[in-house]
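Structure at a glance
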Amino acid sequence: MQNSQPSGEMVQGTLDMLILKTLITGPAHGHTIAHIIERTSENVLEVEQGSLYPALHRLEHRGWLSSYWGTSENNRKAKFYKLTPAGRKQLTTETERWRLLVTAIGRVLGENTLTAPKVQGEEP
Amino acid sequence: MKLNQIFRRRKEDSDLAQELESHLEHEVDDNLARGMSTEEARRNAHIKLGNPLVIRDRVWDANWLSPVEDLWRDLRFAARTLMRDPSFTYVALMVMALGIGANTAIYSFLDSLLLRELPVSDPASLVVINWHTKTWQGDSVVQNISGSISDDAKLGKVSGNFPYSALEVFQNSAIFSDVFAYADTSDVDRLNVSIKGQAEIAGGEIVSGGYFNGLRIVPAAGRLILPDDDRVGAAPVAVVSYAFSEKNFGGAAAAAGQNVLLNNHPFTIVGVAPPEFFGVDPSSAPEIYVPMHANLLLDANDPYGFRASDYLDNRYYWMEAMARLRPGVTLAQAQAELAPKFHQWVAATAKNDEERSKLPEIVLREGAGGLDTLRRQYSKPLYLLMILVVLILAIACSNVANLLLARATSRRREIALRLSEGASRTRIIRQLLTESVLLALLGGALGVLLAVWGIQLLTSLLAQGPDGAVLHAELNWHVLGLSAALALVTGILFGLAPALQSTRVDLVSALKETQAGQSSARHHRAAWRVNMRQILVVGQMAASLLMLVAAGLFVRTLSNLESVSLGFNRENLLLFQLNARQAGNNDAAICEFYRAVREQLAAIPGVQSAGLARGSLIDGESTVPISTVGTRPQPDTRYMPVGPDFLTTMQIPILEGRDFNEHDRPRSQPVAVVSEEFARINFPGRNPVGQYLQLWKDEEQRNLARDMEIVGVAKNARYGSLQREMVPVVYVAYDQGYPQPNEMMFVLRTLGDPLSYVSQVREIVHQADARVPVSEIRTQKAEIAGKMYQETLLAELCSAFALLALTIASVGLYGTISYGVVRRTGEIGIRMAMGAPRGPVVWMVLREVWILVAAGLAISFPLILATSKFLQSLLFDMKSNDPLTLGLALAILVSVSLGAGCLPARRASRIDPATALRHE
């Protein structure tokens, strides 16, 4: 934690949502997923790789992702993750919740920088 | 864990390992593309990913664990956590072990006392037949009773004794498959047993012919008593207990068929009872069973013994009865069936309307546990002890909960980290609960070890009492089950609050905390946590005070009992019983035997004097109608037949006249010595010496037994109970007619240890008459201690428990206050930096102690008053709200808690402002 800036901290529950979101465009393997999240957030969000794989497996375990082994763009063997219909639904739910939260916090804070809010992340 | 799960896990794991490896390779590719060297690219990739093994573990944690594997991991993790903080673990384990150990030990006694069933087949179908009546005063069909009557809050007077003819009423009821009776009247209770010329005293019981069959007992050898043995004129037979057969014949098989003398009459031992059988009363284990009608033989030589006419007397209540319900019959049905039949029978024995108005009525009780004499006597003290140990456990629990709360605070960062990594709240609560339950279970296991030791200790303490031999306990499966349940429940109880609380942390602020410091943000949850700790401490204080008060009351009761003035000197007295009557002697031979033995005993070097009396002064009391000439006998006048030098030997001072001496013989002028109290009541302002007293054979003063001259006045001495007022006593010569001499207690005043004279005593008695055994050898001091042993036990155990409670509670208080000081180090540092002197800082800390203690006291005072009624009957010569005891308990509690609070307060006053502020 020490090396990450407060603004880049991955808040509990958000990583799951970001993974689901990333996979909406098609299957990807773990390394790519981390890359896409960091790149699309313009390097504001930093995926702690130690948390990435537990999250991927958790999502797969819940039936939101499925996986298969394939060959990567680097011509290496890699495990690809694919969004399942249940995962698609879950993404919608999470996104809605997130929007609601951001709007609410935004109302409270106005123009201020957003410090990482606490998400009451009860796992379903 | 199932086998296929293991294989699945292996496969998944290697899969994951490959996946992570693939991730590293991609990262290295990227790094190389960024222009790093191969070496650098590899290192950075590894740093970025972290330890793959840890990741693999976390994946497993989150997703794939089976419940059992999960538990195992939780346990391993819990064990590691506990080992990381050994001082916390040791304290918590010790506290739990003490709490659970004390509970297990006391409960094992309660269990054996209350739940043990008779070792017979189908004990549940046995019933004990009792009668009860609301009023007892005046004329009653119960004209004569030998046995005990107890008081019952609902039923009034309750007794299990019946006339012999009532047995027929019970037997004629179709609800019972068996009805049987037993008794231990006069000369049966302590039988003179002579085996091959060696005489000894053994506990006997007379049983009806259906007794053994009704209980479904199978003999260890030979046969048991049959209905045909129980009639007048049958061949005299006896059955002995298994222990008796081993002690005297070397085994059950050898005992069957032996001939013995019982009270000087030949009997044949026809069989041996099984080893586990102890009769139907757990408080007494008879050694010899004889058919009921054999009591005519056993009592033949006793002028006051049981006679054939007593079997026909349906107003003499002496025999106890039990029955076995027929299959399918309930206790209530039996009660409804039997009550009117008995009523009809008993109504016919009434002689007038008053008797008819208060006839005894049948009440059936469950007989599975046998008779409840022991239960009546010990259940209250044991329940009390049980309450105390439960309080100790409560204190122990709240203490461990307190420690856990304190620890939970220091673990907030760890827990927040795990929550942020996606572990669910239930998952972490379960982990924390596993820790506390593991702690409690380990504590429980240690507690059971402690309990083994505690049971031994308690057994040895109880063995000093009158019923020591029969009160024993063991660890059986329900005792162990209770301990395990206690451990589990307490583990969950003391773990739940801290677990719930520590998982409700605000992640961000918790994570921002530094390793050692506390969050600078003071939010309401922190305040609540402190309150929770304080509530626990207040509870502990309240419970401790309650226990201190109980201990104080019992200690004071014991010291009141010990300081009771006896009126005689208890030191250096040897007591024992001789019964020349049972050996078959007549009145003249009995008197001559006692006279000769006393003379020889008095001549033993080192024996200062020897006396004899009907019984020990503090062991029961008796009355006969005695009056001054021309007055009515007063019911509270006690009498005591004694021999020469008894008063001198006991060192009861003679105020006027003289003690009995050798010249007071069977045919000389009957004499009496009266107590000061008797003289005060009957001869106010006059000297009783030279006056006459009359001893009657009946209350109606129709048959004069003795016309006695008062030859002396003795100073008041304790007679009967230790706990009552001094009563008026008339000492009479034991050998001057009615009531004729019987068993006597001899007393020797010795130089040095009284017990060192025992072998000489035995030798003298054996030489005088080998048929007369010396029994119940004891010192006067030990006998008195035995009378107070229940009080001694309560005082000792309560004090020990109170001490334990106080220790645990003060550790808790110390912990809470210390924690408070550590938490406020910064604040105190600022205050001191601003120039606050040490005094107010100390006061600030001590004020918290005061508040906690005061709150505890406020809670416990009403509790103390509420329990006072329960304690009152166990106290002697004091009120349950004794101000001295209350004051003392308060003083102890306050000073101990101030002591516990002083250390942290001192530490607070020595806080160096500079260090404290850096710390912040």
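Please read these numbers as outputs of a predicted model, since none were measured by experiment.

1. Regarding the overall build of chain A
Along the backbone of chain A there are four helices and three strands. The linear arrangement of helices and strands in chain A, starting from the amino end, is α-β-α-α-β-β-α. Residues classed as buried in chain A amount to 40% of the 124 residues present. Across chain A, every contact between residues at least 6 apart in sequence was considered, and the portion connecting residues at least 24 apart equals 52%.

2. Notes on the confidence of the model for chain A
Chain-level pLDDT for chain A is 77 on average; 78% of the residues reach the 70-or-more range. Scored below 50 in pLDDT, residues 1-8 of chain A makes nine contacts in the model with residues more than four places away or belonging to other chains.

3. A few points about the nonpolar core
Residues and elements named next belong to chain B. Formed by 130 residues in total, the largest nonpolar core has its most connected members in Phe554, Tyr731 and Phe801. The greatest single-element share of this core, amounting to 18 residues, is contributed by helix 15 (residues 373-410). Sequence-distant contacts of phenylalanine 554, that is, excluding residues within four places in its chain, are made with Leu384, Leu794, Ala795, Cys798, Leu871, Leu874 and Leu875. Core analysis: the next-biggest nonpolar cluster, separate from the first, contains 58 residues, Phe162, Val179, Met292 and Leu298 among them.

4. Considering the sheet that holds strand 2 (residues 65-71) of chain A
Strands pair in a sheet through their backbones, by hydrogen bonds, and they do so in one of two ways: parallel or antiparallel. Residue and element names in this part refer to chain A. Spatially, 1-3-2 is the arrangement adopted by the three strands of the open sheet, whose pairing is antiparallel. Since the sheet does not close on itself, it has two edges, and those belong to strand 1 (28-29) and strand 2, each with one partner. Pairing of strand 1 with strand 3 (residues 77-83) involves two bridges; the strand directions are antiparallel. Across the sheet, histidine 29 pairs through a bridge with phenylalanine 80, a residue of strand 3. Across the sheet, helix 3 (residues 49-61) touches strand 2 and strand 3, and the angle it forms with strand 3 is around 50°.

5. Description of the packing of aromatic side chains
All names here are of chain B. In the structure shown here, the tally under the stated rule is 25 aromatic pairs over all chains. Ring centres 5.1 Å apart and planes at 85° place the aromatic pair phenylalanine 162 and phenylalanine 170 in the edge-to-face group. Per residue, the accessibility class of phenylalanine 162 equals that of phenylalanine 170, and both read buried. Taken together, the ring pairs in this structure connect Phe180, Tyr182, Tyr211, Phe212, Phe277 and Tyr289 into an aromatic cluster.

6. Quick word on the packing of helix 5 (residues 86-114) of chain B against helix 15 of chain B
Residue and element names in this part refer to chain B. Orientation of helix 5 relative to helix 15, taken along the N-to-C sense of each, is 160°, at an axis distance of 9 Å. Taken together, the axis directions place helix 5 and helix 15 in an arrangement best described as roughly antiparallel. In this structure, helix 5 crosses over helix 15, and the sense of that crossing is left-handed. Tallied by class, the residues present in the contact of helix 5 with helix 15 amount to 28 nonpolar, four polar and two charged.

7. Quick notes on the environment of histidine 35 of chain A
Considering the arrangement of structural elements, one finds histidine 35 of chain A in helix 2 (residues 30-40). Sequence-wise, histidine 35 of chain A and valine 47 of chain A are twelve residues apart; in three dimensions their C-alpha atoms are separated by 8.4 Å. Contacts of histidine 35 of chain A, omitting those with residues within four sequence positions, involve Asp30 and Arg34 of chain B.

8. Focus: helix 24 (residues 758-768) of chain B
Since one α-helical turn is 3.6 residues long, residues separated by three or four positions face the same way. All names here are of chain B. Here helix 24 has its buried residues at Val758, Val761, Ile764 and Val765. Each buried residue of helix 24 sits inside an arc of 130° when the element is viewed along its axis, so together they form one side. Residues of helix 24 that are exposed and angled more than 90 degrees away from the buried face: Ser759 and Gln767. Buried positions along helix 24 lie against strand 17 (573-578), helix 21 (587-602), strand 26 (744-750) and strand 27 (775-779).

9. Points about the pattern of salt bridges
Pairs can form between side chains of opposite charge once their charged atoms are near each other. Residue and element names in this part refer to chain B. The final tally for this structure, using the stated rule, is 36 salt bridges over all chains. Where arginine 315 meets glutamate 355, a salt bridge forms, and the shortest distance between an N and an O atom there is 2.8 Å. Of this pair, arginine 315 sits in the loop between helix 12 (308-312) and strand 14 (316-317) while glutamate 355 sits in helix 14 (residues 353-357), placing them 40 residues apart in sequence. We classify arginine 315 as buried; its relative accessible area is 6%. By relative accessible area, which is 4% here, glutamate 355 ends up buried.

Calculation criteria
What you see as residue numbers is a count from 1 along each chain, following the sequence as written. Whichever chain is written first becomes A and whichever ligand is written first becomes 1, with later ones labelled in order. Owing to the predicted nature of the model, reporting of local features is limited to residues with pLDDT of at least 70; listing and counting of side-chain atom pairs is limited to 80 or more, with chain, interface and lining totals taken over all residues. Only heavy atoms go into the side-chain values, all of them from the structure, while hydrogens and water stay out. Think of it this way: any DSSP run of H or I at least four residues long counts as a helix, any run of E at least two long counts as a strand, and we number them from the N terminus. Under the scheme applied here, a residue whose accessible area is under 20% of the maximum for its type counts as buried, over 50% as exposed, and between as partly exposed, the area being computed with a 1.4 Å probe on protein chains only. Whether two residues are in contact is decided by their heavy atoms: any pair within 4.5 Å suffices. Every residue gets a pLDDT, meaning the predictor's confidence in that residue, from 0 to 100. By nonpolar core we mean a set of buried residues, namely Ala, Val, Leu, Ile, Met, Phe, Trp, Tyr and Cys, connected to one another through side-chain atoms within 4.5 Å. The pairing criterion is simple: DSSP has to find at least two bridges between the two strands. Under this scheme, a helix contributes an axis fitted over its contacting stretch, all axes are lines through C-alpha atoms, and angles between N-to-C directions fall in the 0 to 180 degree range. Classification of ring pairs uses Phe, Tyr and Trp, with its six-membered ring standing for Trp, and accepts pairs whose centres are within 6.5 Å; under 30 degrees between planes counts as stacked, over 60 as edge-to-face, and the remaining range as tilted. Angular relationships are summarised with four words: roughly parallel below 35 degrees, roughly antiparallel beyond 145, roughly perpendicular across 65 to 115, and oblique for the angles in between. Less than a right angle of anticlockwise turn of the near helix away from the far helix marks a crossing as left-handed, whereas a clockwise turn marks it as right-handed. Each residue gets one of three labels, nonpolar for Ala, Val, Leu, Ile, Met, Phe, Trp, Tyr, Cys and Pro, charged for Asp, Glu, Lys and Arg, and polar for the others, Gly among them. Our arc is simply the arc of the directions from the helix axis toward the C-beta atoms. For this analysis, a salt bridge means a side-chain nitrogen from Lys or Arg found within 4 Å of a carboxyl oxygen belonging to Asp or Glu.

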